[in-house]
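Residue-level structural notes
The chain contents come next:
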Amino acid sequence: MKHLFFSIISLAALTWDAQAEEVPSFQKDVMPVLFRSGCNAGGCHGAARGKDGFMLSLFGYDAPGDYYRITQEMVGRRINVAVPEKSLLLLKATGKVPHTGGECFTEDSEFYRSLHDWIAAGAPEDEGDVAQPVAIHLEPENLVFDGSQKEATTKVTAQYSDGSTRDVTNLALFHSNNPDTVSIDENGLVKPGNRGDTFVFARFNRFTIGSEVIVLPTESKFEWKDAEAANYIDELVYDRLQKLHIQPSEVCDDETFLRRAYLDLTGAPPTVEEYHAFMENPDRDALVDELIAADRFAKLWTALWAESVRLMGGGYTPTATDVKAANAYYEWILKQFQENRPIDEFVAEQITATGSNLTYGPANLYTMLVHAPKFTPKNFAADFSQLMTGIQIQCAECHNHPFDRWTIDDYYGFVSFFTGIERKIGAEPREFYIYNDLKAKPAKHLVDERPMPAKVLGGLEPAPTGGDQRVALAEWLTSPDNDLFARNFANRVWAQFFHRGLVEPIDDLRISNPPTNPALMDALAKNFIDSGFDLRALVRDICTSQTYQRSFEPNATNQMDNRQFSRAHLRRLRADVFLDTVLAATGGTYGFSYFPDGTSAIEYYPRSPGGTGLGGYGNSFFETFGRSGRASICACESKPEPTLSQTLHLLVGSTIEPKVAQGFIVQKLIGAGKTAEEVLEEIYIRALSRKPGADEMASLLELVGDNPKDPKPYVDIFVSLLNSTEFAFNH
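Just so it is clear, the structure is predicted and the values come from calculations on it, not from any experiment.

Right, let's get into helix α16 (residues 469–477). All of the buried residues in α16 are Q469, R470, L473, A474, W476 and L477. Along the long axis of α16, the arc covered by the buried residues comes to 165°, so they all point the same way.

Have a look at this one:
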């Protein structure tokens, strides 16, 4: 059958040579038509098992395989070189015969002509090396609709490996990140919608590229009012806001800033004494310096990193995540943050770690990131990439990444860095010695099973052999010349202090999910690198900026802004921070299973006598209030949204009223001879880090009544404050 097919090809090719000079190329002409028409998309023949008995590689990542399936799986039916127009490939695509996908193009289209002419030429396979796309360009790079322009055309140009270029606008796919703001049709025509900013994207072959689009209000009479800029962050935010005709809100008052900074930097509110000290000398920069030097700053960032690497302690030996191993890792992480170790060094030591899980903390990166009895290189590589670079490389395991530039080759080359990781049983059942077997074979490619040497993402050459290739991985990842790591870390840090990251979700950095302020993202990464990867320096830049210190009160221009940081947004306190804030305000205590008395909520991580493979909260309060269950590496494991269960828990559970009774704060204040105004003022400071306003005080005194020594009304007021939205949110 195969010989018959190629005989027919030869005959058809002779006929074609008499009719035309240039034979369409399968890879350069046919496959782009299949791509543009959606034939090899995930919802059609590009699905894992194909569609209606016909399978193509997703978005065309396997050209040889696609050629075989089209030309040789059903000889004479999918393509008919003797009578091209009778080919099922054309009949189904034009709707001449029943087709689940309907009509893809018409007989008078360029797409039809490309396929028809290729079939008529004998459906030849490309000979020799075919020039491949190496990049695409979308013009214009920026668009601004100010009301005078109703639409704009775009152009997509592909650059090929032989140096040639080609206009592929009619072969590209287009989409908008926000169709309500801007729409783009199948031909690349852009039309404005509602006011705002977004990106439109073009995809061709394996490449995606975007252009930024700004839509201004048509009736705007905007005049920018100069705002004070404390540093480069403000300058870049203001530049963006000016372009969007958005005026930032005013700076928040001192009480609001005090509470915001304490909760964000230490995970707890200021004490009454700290409140008064700051209000007497409200030096905001000095406060930031004081808080980032505090031990609780280190503990908070230890909690954040421990959550990111899924640090948990169990009693099920085969997973190598015994409580002793978890504690060794936790204490090592804490020490690094206490000493303000540069983040590049902090991460590099974990990547290259070799040693006992019980005595050498950083080796537990290889036990905690993927909780399983056996180390799995693919799972680890995917989680490692998502954590360290924000890139979800697992999307390229079975096909080229559908929304980014990463290929199957990139995926398996990256996995090969970890194929040699072994856990050798140590001196006792709980101990495992983590090391890299230098003789281990690399990962095999999914399509052709060829070995894929270890190669960094986007690298041109494999990593050097002859030693531990994790060293090369660590050097590449943390190099000042590689901004993947710096941008990812800067974005995660930024998200800690605002309602969102510059890229959201914070662990999904890709071309088709650009930052809301690209220039700011670049600047944060650059300054982070220039500081020597100093976490505290980056945090100081953020917290001393006017952008961080904005009020949450909107103005007429920024009411709808939730992307450009023109004002503060209410942020639900993390579960551990919320619990510590309750205890700090009430003077109550809380005991955690398997931890010593006095352990704070941000120092707690899940411990259990069983396994850790399925994740866990370790505490019902954390489960109710959305702390990460650590079942996966995904940032979505933390759930900041308030729920009805949380409200009921606070009203009738053991978190608020029993802690108020336990702390005995009101009784102590009354016993110390405090007046009603002084008692009310202190419980307000404890709960909300502010004094009550004049109207509030008047209403509260009415509630206290004629017996200012009776603790009950004060306790009721205290409990009400702790159940308020103002208490539960940072603002």
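The next thing to look at is the confidence of the model for the protein chain. Per-residue confidence for the protein chain gives a mean pLDDT of 93, with 97% of residues at or over 70. Of the regions scoring below 50 in pLDDT, residues 1–20 engages in 25 contacts with residues more than four places distant in sequence or in other chains.

All right, on to the state of the cysteines then. In this structure the tally under the stated criterion is 1 disulfide. At a sulfur-sulfur separation of 2.3 Å, the disulfide partner of C634 is C636. Taking the torsion about the S-S bond as the criterion, the C634 to C636 disulfide, at about 130°, is right-handed. According to the relative accessible area criterion, C634 is partly exposed, its value standing at 24%. For the unlinked cysteine C44, the closest cysteine sulfur is that of C39, found at 6.0 Å. Free of any disulfide, C543 has its nearest cysteine sulfur in C252, 11 Å distant.

Remark on secondary structure: sheet strands pair via backbone hydrogen bonds, oriented parallel or antiparallel. An order of β11-β13-β12 is seen for the 3 strands of this open sheet, with the pairing classed as antiparallel. Of all the strands in the sheet, just β11 (355–356) and β12 (421–425) have a single pairing partner and so form its edges.

Glancing now at the pairing of strand β8 (residues 189–192). The sheet contact formed by strand β3 (residues 152–153) and β8 spans 2 bridges and is antiparallel. Bridge assignment links A152 to a residue of β8, and that residue is V190. Of the pairings in the sheet, the one linking strand β7 (residues 182–184) to β8 comprises 3 bridges and is antiparallel in character. Within the sheet, the bridge partner assigned to V182 lies in β8 and is P192. From the end of β7 to the start of β8, which pair antiparallel, there are 4 residues, and G188 there has a positive phi angle of about 85°.

Once that is clear, we can look at the packing of aromatic side chains. Overall, the coordinates contain 46 aromatic pairs when judged by the stated rule. Plain terms: the ring middles of F498 and Y548 are 6.1 Å apart, the flat faces sit at 85° to each other, and that makes the pair edge-to-face. Of the two residues, F498 is situated in the loop between α17 (483–497) and α18 (518–530) and Y548 in the loop between α19 (535–543) and β16 (571–572); the sequence distance between them amounts to 50 residues. Assessed through its relative accessible area of 8%, F498 is described here as buried. Ring geometry for F592 versus F622: centroids 5.9 Å apart, planes at 10°, classification stacked. Here F592, found in the loop between α20 (575–586) and α21 (620–624), pairs with F622, found in helix α21; they are 30 residues apart in sequence, far enough to count as distant. Of the aromatic side chains, those joined through ring pairs into one cluster are Y330, F578, Y590, F592, F595, Y604, Y605, F621, F622, F625 and F727. Of note, R572 hangs over the ring of F578, and the distance from its end group to the ring centre comes to 5.4 Å. Note that R607 overlies the ring of F595, its terminal NZ or CZ placed 3.9 Å from the centroid.

Another aspect to go through is the layout of surface pockets. Taken as a whole, the largest pocket holds about 1,200 Å³ of empty space. In this structure, the largest pocket is lined by 49 residues; those nearest its centre are A495, Q496, I506, R574 and S638. A per-class count over the lining of the largest pocket returns 24 nonpolar, 12 polar and 13 charged. The computed volume of the second largest pocket comes to approximately 760 Å³. In terms of lining, the second largest pocket is formed by 27 residues, of which the most central are G60, Y61, Q132, R206 and N400. The set of elements that each furnish at least two residues to the lining of the second largest pocket consists of α2 (26–36), α3 (63–71) and α15 (408–415).

Let us look at empty space enclosed by the protein. Applying the stated rule across the entire model yields 1 cavity of 30 Å³ or more. The calculated volume of the largest cavity comes to roughly 90 Å³. Lining the largest cavity are R260, F497, F498, H499, T547, Y548, F565, R567, A568, H569, R571 and H731. Its residues placed into classes, the lining of the largest cavity shows 5 nonpolar, 4 polar and 3 charged.

Running from N to C, helix α7 (residues 254–266) and helix α8 (residues 272–280) point in directions that differ by 130°, and their axes come no closer than 11 Å. Taken together, α7 and α8 sit at an angle that is classed as oblique. Like other packed secondary-structure pairs, α7 and α8 cross with a definite hand, here right-handed. Where α7 abuts α8, its residues D254, E255, F257, L258 and Y262 lie against E274, Y275, F278 and M279. Looking at the contact of α7 with α8, its residues break down into 6 nonpolar, no polar and 3 charged.

With that settled, consider the pattern of salt bridges. Side chains carrying opposite charge are able to pair once their charged atoms draw close together. Tallied over the full model, the rule gives 35 salt bridges. For R296, the salt bridge identified is with D580, shortest N-O distance 3.3 Å. Residue R296 is located in helix α10 (residues 295–308), and its partner D580 is located in helix α20; the two are separated by 284 residues in the primary sequence. Across the pair R430 and D322 runs a salt bridge, and its minimum N-O distance is 3.6 Å. Of this pair, R430 sits in the loop between β12 and β13 (432–436) while D322 is found in the loop between α10 and α11 (323–338), placing the two residues 108 residues apart along the sequence.

Calculation rules
- Residues numbered from 1 in each chain as written.
- Predicted model: local features only at pLDDT ≥ 70, side-chain atom pairs only at ≥ 80, totals over all residues.
- Heavy atoms only, no water.
- Buried < 20%, exposed > 50% of the residue type's maximum accessible area, 1.4 Å probe, protein only.
- Helix = DSSP H or I, 4+ residues; strand = E, 2+ residues; numbered from the N terminus.
- Arc of directions from axis to C-beta.
- pLDDT = per-residue confidence, 0-100.
- Contact = heavy atoms within 4.5 Å.
- Disulfide = S-S within 2.5 Å.
- Pairing = 2+ DSSP bridges.
- Phe/Tyr/Trp six-rings, centres within 6.5 Å; stacked < 30°, edge-to-face > 60°.
- Lys NZ or Arg CZ within 6 Å of the ring centre and 35° of its normal.
- 1 Å grid on protein atoms, 1.4 Å probe; cavity = no way out; pocket = protein on both sides within 12 Å on 5 of 7 lines; lining within 4 Å.
- Points joined across faces, edges and corners; volume = space filled by probe spheres on them.
- Nonpolar A, V, L, I, M, F, W, Y, C, P; charged D, E, K, R; others polar.
- Axes fitted to C-alpha atoms, helices over the stretch in contact; angles between N-to-C directions.
- Parallel < 35°, antiparallel > 145°, perpendicular 65-115°, else oblique.
- Left-handed = near helix turned anticlockwise from the far one by under 90°.
- Salt bridge = Lys/Arg side-chain N within 4 Å of Asp/Glu carboxyl O.

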